Structures are given as C-alpha cells and as structure tokens.
Amino acid sequence: PFILLHFLIKRADLVITGSEIQAEFYERNYNKKIFNIVDPVNKVEFSGKKKIHFEKKPIKILWEGTEDSVPQLNSFIIPLTELFKKYNFEIILFTDITPNSKAEKTFNLLNSKLKVNHIPWEKNKIDEVMLSADIAIAPIDISNYVNYAKPFNKLLVYWAYGLPTVFSDIPSYRGIYNQVK
C-alpha cells in the first residue's frame, strides 16, 4: 500500500495533508505541490457542550476514533491494566468494530483485562458519549510514520468538550499543547 501511496503522491496535481509534519515529509520526498488543512472542530458534529466533572466511581476513560486506529490502544494495555488494578475505571471505546478485524482482536484483549464499554460510532451519539467521560486518551503507535505525523484535531475535539486528555508525544500533539498551555 505505501508503494502505491508514494507513487500516487509523486504524480498528483495537489496533495492535501492533515499536519505540518506530513506536509514537510511529502514535500521533501515526493511532491512540491502540498497544501496542509487541519480538520476543524465543526459545530455540525460537536455541540460545544462542556463536561461537568463530578467525583464519581468508576472513572470513565474515553477513546474515540476509526476502526483502523483501534489497534493503537495496544501500546496502552500494560499501563491501563496496572492503573485498573488500583482505580477500577471503565474504558469507553466509541468506534466501529467489524467481526474478525484487528480492532476486534484489540477490543477482546482489552476486555479480558479491563472493564470495556464498546459504543458503536454514530454521529447523533457524539455529545452523549463525550459528556459521559471523565478523561480522554489519544495513544499513537509511533513506529508507523503515518501515525507519527497525525494532525492534532482529536485533541481539539476532546478539549472542546472540556475533557482532560492523556496523549502520545507526537509533533502535532506537542505543538498544539504548547500553544494552549
């Protein structure tokens, strides 16, 4: 797939990327016609309501994303398992999971070690799910360059809901964090 991707990028009239690091990489290596656009937090999907935090048990930790990104949670399984022993929290996976997929394997592994609530992703459930969480997580598997170059929009969505967020140290996440801290 990456050979085809690089072939197509070299021949494209215009390449649109989602982060500065993606834009720099593709411009340096494949195509000078790069335009960077980061997904905004749009008011069509996200209401702008803020989470009101109460001390409650168990704490609910949210991960939201595409089915293809679910396996990125594998990098958090060991620390989440250790924390679960002490704090007995609930993980909310707000995503689609197809039977016999990598996402299902990750879900089953998480579910064998933690308390996991899978909620299939639906646009009309965004507010309900986001506002039910206490903390959000955004782990990134940085061994894959495409993941390492992801844009920061996920953090903006979590923060738009007032969710404290634990995230991987990738350039786009670090950059937006440094701008808002």
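Going by the structure above, here's the rest.
Being a predicted model, the structure only gives us computed values, none of them experimental. (Residues numbered from 1 in each chain as written. Predicted model: local features only at pLDDT ≥ 70, side-chain atom pairs only at ≥ 80, totals over all residues. Heavy atoms only, no water.)

Novice: An account of the sheet that holds strand 6 (residues 135–138) is needed here, citing residue identities and associated values.
Specialist: With respect to topology, five strands assemble into an open sheet ordered 5-4-3-6-7, the strand pairing being parallel. Whereas interior strands pair on both sides, the edge strands pair on one side only; in this sheet they are strand 5 (115–119) and strand 7 (165–167). Neighbouring strand axes in the sheet, compared pairwise and without regard to direction, differ in orientation by 25 degrees on average. Relative to strand 7, strand 6 runs parallel, the two being bridged by three bridges. Paired with I137 across the strands is V166, a residue of strand 7. Across the sheet, helix 4 (residues 102–113) touches strand 4 (90–94) and strand 5, and the angle it forms with strand 5 is around 145 degrees. (Pairing = 2+ DSSP bridges. Helix = DSSP H or I, 4+ residues; strand = E, 2+ residues; numbered from the N terminus. Axes fitted to C-alpha atoms, helices over the stretch in contact; angles between N-to-C directions. Contact = heavy atoms within 4.5 Å.)

Novice: Explain the packing of helix 7 (residues 153–160) against helix 8 (residues 171–180) to me, using residue names and the numbers behind them.
Specialist: Contact geometry of helix 7 with helix 8 gives a least axis separation of 9 Å together with a crossing angle of 40 degrees. As judged from the angle between their axes, helix 7 and helix 8 are oblique. Residues K154, L155, L156 and W159 of helix 7 pack against Y173, I176, Y177 and V180 of helix 8. (Parallel < 35°, antiparallel > 145°, perpendicular 65-115°, else oblique.)

Novice: Tell me about the packing of aromatic side chains, and please be specific about residues and values.
Specialist: Summed over the entire model, instances satisfying the criterion amount to eight aromatic pairs. Both rings, one in F84 and one in F89, keep their centres 5.5 Å apart while their planes meet at 80 degrees; by these two values the pair is edge-to-face. For F84, a relative accessible area of 17% puts it in the buried group. With a relative accessible area of 3%, F89 lands in the buried category. Grouped by ring-pair contacts, the aromatic residues W159, F167, Y173 and Y177 constitute a single cluster. Its end group placed over the ring of W63, K154 keeps NZ or CZ at 5.2 Å from the ring centre. (Phe/Tyr/Trp six-rings, centres within 6.5 Å; stacked < 30°, edge-to-face > 60°. Buried < 20%, exposed > 50% of the residue type's maximum accessible area, 1.4 Å probe, protein only. Lys NZ or Arg CZ within 6 Å of the ring centre and 35° of its normal.)

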